[in-house]
Amino acid sequence: MSAARSLAGHTPLGAYRRLLRAATATFRNDPTALTAAKGEIRNKFDDSKEETDGEKLKSLVSEAYDAADFIRQHVVQAALNEEGNYEIKVGQHHTQDSEPVKPQ
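Residue positions are given per chain, counted from 1 along the sequence in the order it is written. Local features in this predicted model are restricted to residues whose pLDDT is 70 or higher, and side-chain atom pairs enter the listing and the counts only when it is 80 or higher, whereas totals over whole chains, interfaces and linings include all residues. Processing note: side-chain calculations cover all non-hydrogen atoms of the structure and skip hydrogens and water entirely.

Visitor: I keep staring at the overall build of the protein chain and nothing clicks. Help me out?
Guide: Secondary structure elements follow DSSP: runs of H or I of four or more residues count as helices, runs of E of two or more count as strands, with numbering from the N terminus. Regarding its fold elements, the protein chain presents 4 helices and 2 strands. Listing each helix as α and each strand as β along the protein chain from the N terminus yields α-α-α-β-β-α. Here's how the labels work: a residue is buried when its accessible area is under 20% of the maximum for its type, exposed when over 50%, partly exposed in between, all with a 1.4 Å probe on protein chains only. Looking at the 104 residues of the protein chain, the share that counts as buried comes to 22%. Contacts in the protein chain between residues far apart in sequence, at least 24 positions, make up 54% of those at least 6 positions apart. Residues are treated as being in contact if the distance between any of their heavy atoms lies within 4.5 Å.

Quick look at the structure:
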């Protein structure tokens, strides 16, 4: 988890929802990838549903929030265009924490 973010108010349900929103936004034009991402998110949460150790739960919630942030900021979906090339659309949220992209 980033040092700037506090765990106050972060819940497993909030982390789950945030991951689903990040996956939906990233893979909205790719039903296969979206279904796979949602399934993986669900499986990871199901694997930990019996966890009772408070520190382990905090760590898992923190990791889930970090994963959602990573998906939003670093994952882009390529699409095949009419010319037979793949193209990506890089949004402002992809460049917030990095150096500016210089046109070539």
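So, next bit.
Visitor: How should I be thinking about the pattern of salt bridges in this particular structure?
Guide: Definition used for salt bridges: Asp or Glu carboxyl oxygen within 4 Å of a side-chain nitrogen of Lys or Arg. For the structure shown, the criterion picks out 4 salt bridges. The residue R18 makes a salt bridge to D69 at a minimum N-O spacing of 3.8 Å. Within this pair, whereas R18 is found in helix 1 (residues 12–26), its partner D69 is found in helix 3 (residues 54–74), the two being separated by 51 residues in sequence. Exposure remark for D69: the relative accessible area of 18% places this residue in the buried category. For R42, the salt bridge goes to D46, with nearest N and O atoms at 3.2 Å. Linking R42 with D46, this pair stays in helix 2 (residues 31–47), spanning 4 residues, or about one helical turn.

Visitor: Just to check I follow, could you spell out the side chain of T26 for this structure?
Guide: Inspection of the secondary structure assignment puts T26 in helix 1. N or O atoms within 3.5 Å of each other form a polar contact, as long as, within protein, one can give a hydrogen and the other can take it, and as long as residues adjacent in sequence are counted only when both atoms are side-chain atoms. Polar side-chain contacts of T26 include one of 2.9 Å to the backbone oxygen of A22. For T26, the contacting residues outside a window of four places in its chain are I71, V75 and Q77.

Visitor: Got a minute to help me understand the nonpolar core in this structure?
Guide: Across soluble globular proteins, nonpolar side chains have a tendency to be buried as a group. Counting residues in each nonpolar core, the largest one holds 15 residues, and the members touching the most others are A15, L19, A23, F27 and I41. Excluding residues within four positions of it along the chain, F27 makes contact with A33, L34, A37, V75 and Q77. Residues enter a nonpolar core if they are buried and are Ala, Val, Leu, Ile, Met, Phe, Trp, Tyr or Cys, with the set joined through side-chain atoms within 4.5 Å.

Visitor: Hey, could you run me through helix 3 in this one?
Guide: Structural remark: α-helix, 3.6 residues per turn; residues separated by three or four positions point the same way. Expected helix span is given by 1.5 Å per residue-to-residue step, counting one fewer step than there are residues. With 21 residues, helix 3 ought to run about 30 Å at 1.5 Å a step, and its terminal C-alpha atoms sit 30 Å apart, in line with that. Residues of helix 3 that are buried: V61, S62, A64, Y65, A68, D69 and I71. On its buried face, helix 3 is in contact with helix 1 and helix 2. Its side-chain oxygen placed 3.2 Å from the backbone nitrogen of E55, D53 serves as the N-cap of helix 3.

Function cannot be inferred from these measures alone, as they are strictly geometric.
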